[in-house]
Amino acid sequence: MMSSPVRRARTEDAGSVAALAARTFPLACPPSLAREHVADFIATHLSEAEFDRHLADPAHRVLVVDGAGGPVGYALVLHGAHAEGPEALRGAPSAYLSKLYVDPEHHGGGVARALLDAVRTGAEGLPVWLGVNAENARAKRFYAKSGFVVAGTRTFTVGGTTFVDDVLVLSPPEWPGA
Ligand SMILES: CC(C)(COP(=O)(O)OP(=O)(O)OC[C@H]1O[C@@H](n2cnc3c(N)ncnc32)[C@H](O)[C@@H]1OP(=O)(O)O)[C@@H](O)C(=O)NCCC(=O)NCCS
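These numbers come from a predicted model, not from an experiment. (Residues numbered from 1 in each chain as written. Predicted model: local features only at pLDDT ≥ 70, side-chain atom pairs only at ≥ 80, totals over all residues.)

Trainee: Sorry, what's going on with the overall build of the chain here?
Mentor: Counting its secondary structure elements, the chain contains 5 helices and 7 strands. Reading the chain from its N end, one meets helices and strands in the order β-α-α-α-β-β-β-α-β-α-β-β. Rg of the C-alpha trace for the chain: 16 Å, near the compact-globule value of 16 Å for 178 residues, within the 12% margin. Burial analysis of the chain (178 residues in total) assigns 29% to the buried set. Taking contacts inside the chain between residues at least 6 apart in sequence as the whole, the part at least 24 apart equals 62%. (Helix = DSSP H or I, 4+ residues; strand = E, 2+ residues; numbered from the N terminus. Rg over C-alpha atoms; globule rule 2.2 N^0.38 Å. Buried ≥ 20, exposed ≤ 12 C-beta atoms within 10 Å, placed from the backbone. Contact = placed C-beta atoms within 7 Å.)

Printed below as a string of structure tokens:
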């Protein structure tokens, strides 16, 4: 398998990362989530302006792997103290892997693995955690084989429907002091 070089996204990448985010976000959504709610989420949270904001924030990391025509995978990591997430980590600094998305033609090709390795290295010992929709079997399998363990659940409500995310953390040996 070819290795996939990972780099920090730059200001000028905001548009191409937003386009990648918009075309890949639906892949992670439960089938029962109405398409208009998916479109609303993309317009609100995955716009070029939102990526401009992430790229300007020193606590936010946008990592990409490039393909022939632009980025084919990205990760968004938010470093800091987070109100949601595993109870044991609340109030303490952690690395929240908010997004990890790869174009379907690159699934199984090592892009996600390379991005996750870079997230882990960049976390510099901070615990890494994320939320994944309980129905997202492929992502759950990827995270399990990458060393994540279930630390709880969280819910979110969109358009009157409540969905459940599994909250996962990299297994405790990765935690400082464990
Ligand atoms: C999640 C994601 C980043 C993982 O990257 P990937 O390249 O697909 O990951 P891999 O192929 O290395 O691993 C996926 C594993 O799930 C398995 N798998 C594939 N389809 C599956 C399914 N329907 N059910 C269960 N497992 C499945 C694969 O066989 C593989 O396991 P294996 O290596 O033991 O054979 C990528 O699939 C993706 O971008 N998905 C869409 C967006 C998304 O869901 N992001 C995560 C949001 S939290």
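Trainee: Teacher, can you tell me more about the packing of helix H1 (residues 14–24) against helix H3 (residues 48–56) here?
Mentor: For any two helices packed against each other, one specifies the inter-axial angle together with the distance between the axes. Where H1 contacts H3, the axes come no closer than 8 Å and their chain directions differ by 120 degrees. In terms of axis orientation, H1 runs oblique to H3. Crossing handedness for the pair H1 and H3: right-handed. Along the contact surface, H1 presents Ala14, Gly15, Val17 and Ala18, while H3 presents Glu48, Phe51, Asp52 and Leu55. (Axes fitted to C-alpha atoms, helices over the stretch in contact; angles between N-to-C directions. Parallel < 35°, antiparallel > 145°, perpendicular 65-115°, else oblique. Left-handed = near helix turned anticlockwise from the far one by under 90°.)

Trainee: Please explain the site of the ligand as it appears in this structure.
Mentor: Ala28, His107, Ala112, Ala137 and Arg141 are the nearest of the 18 residues found near the ligand. For the shell around the ligand, the elements supplying multiple residues, two or more each, are strand S4 (93–102), helix H4 (111–122) and helix H5 (137–145). The element best represented in the shell around the ligand is H5, accounting for 6 residues. Taken together, the residues that form the shell around the ligand break down as 10 nonpolar, 4 polar and 4 charged. (Near = placed C-beta within 6 Å. Nonpolar A, V, L, I, M, F, W, Y, C, P; charged D, E, K, R; others polar.)

Trainee: What am I meant to see in the environment of Ala151 here?
Mentor: One can find Ala151 in strand S6 (residues 148–158). Considering only alpha carbons, one finds Ala151 and Leu130, 21 residues apart in sequence, at a separation of 9.8 Å. If we skip the residues at most four places from it in the chain, Ala151 touches Pro86, Trp129, Val167, Leu168 and Val169.

Trainee: I would appreciate a short explanation of the nonpolar core in the present structure.
Mentor: Within soluble globular proteins, side chains that are nonpolar generally end up buried alongside one another. Ranked by internal contacts, the top residues of the largest apolar core, which has 42 residues, are Leu63, Tyr74, Leu115 and Val119. Secondary structure elements with two or more residues in this core: H1, strand S2 (60–67), strand S3 (70–81), S4, H4, strand S5 (128–133) and strand S7 (161–170). Here this core takes 7 residues from H4, the largest share from any one element. Apart from the residues within four sequence positions on either side, Val119 is in contact with Leu63, Ala75, Val77, Ala95, Leu97 and Val128. (Core = buried A, V, L, I, M, F, W, Y, C linked by C-beta atoms within 7 Å.)

Trainee: Explain H1 to me, please; I cannot follow it from the model alone.
Mentor: Each α-helix turn comprises 3.6 residues. Residues three or four places apart therefore point the same way. Residues of H1 that are buried: Ala14, Val17, Leu20 and Ala21. With its buried residues spanning 130 degrees around the axis, H1 presents them on a single face. (Arc of directions from axis to C-beta.)

Trainee: Is there a simple way to think about the pairing of S6 in this case?
Mentor: One face of the sheet, then the other: side chains in a regular strand alternate in exactly this way. In the sheet, S6 pairs with S7 via 10 bridges, with the strands oriented antiparallel. Opposite Phe156, over in S7, you have Phe163 as the bridge partner. In sequence, S6 turns back onto S7 through a hairpin of 2 residues, with Gly159 there showing a positive phi of about 55 degrees. (Pairing = 2+ DSSP bridges.)

Trainee: What's the story with the sheet that holds S5 in this structure? I'm lost.
Mentor: Sheet architecture is open: 7 strands sit in the order S1-S2-S3-S4-S5-S7-S6, paired in mixed fashion. Strand pairing shows two members of the sheet lacking a second neighbour, strand S1 (6–8) and S6, which therefore form its edges. Neighbouring strand axes in the sheet, compared pairwise and without regard to direction, differ in orientation by 30 degrees on average. With 8 bridges joining them, S2 and S3 adopt antiparallel strand pairing.

On their own, these measurements won't tell you what the molecule is for.
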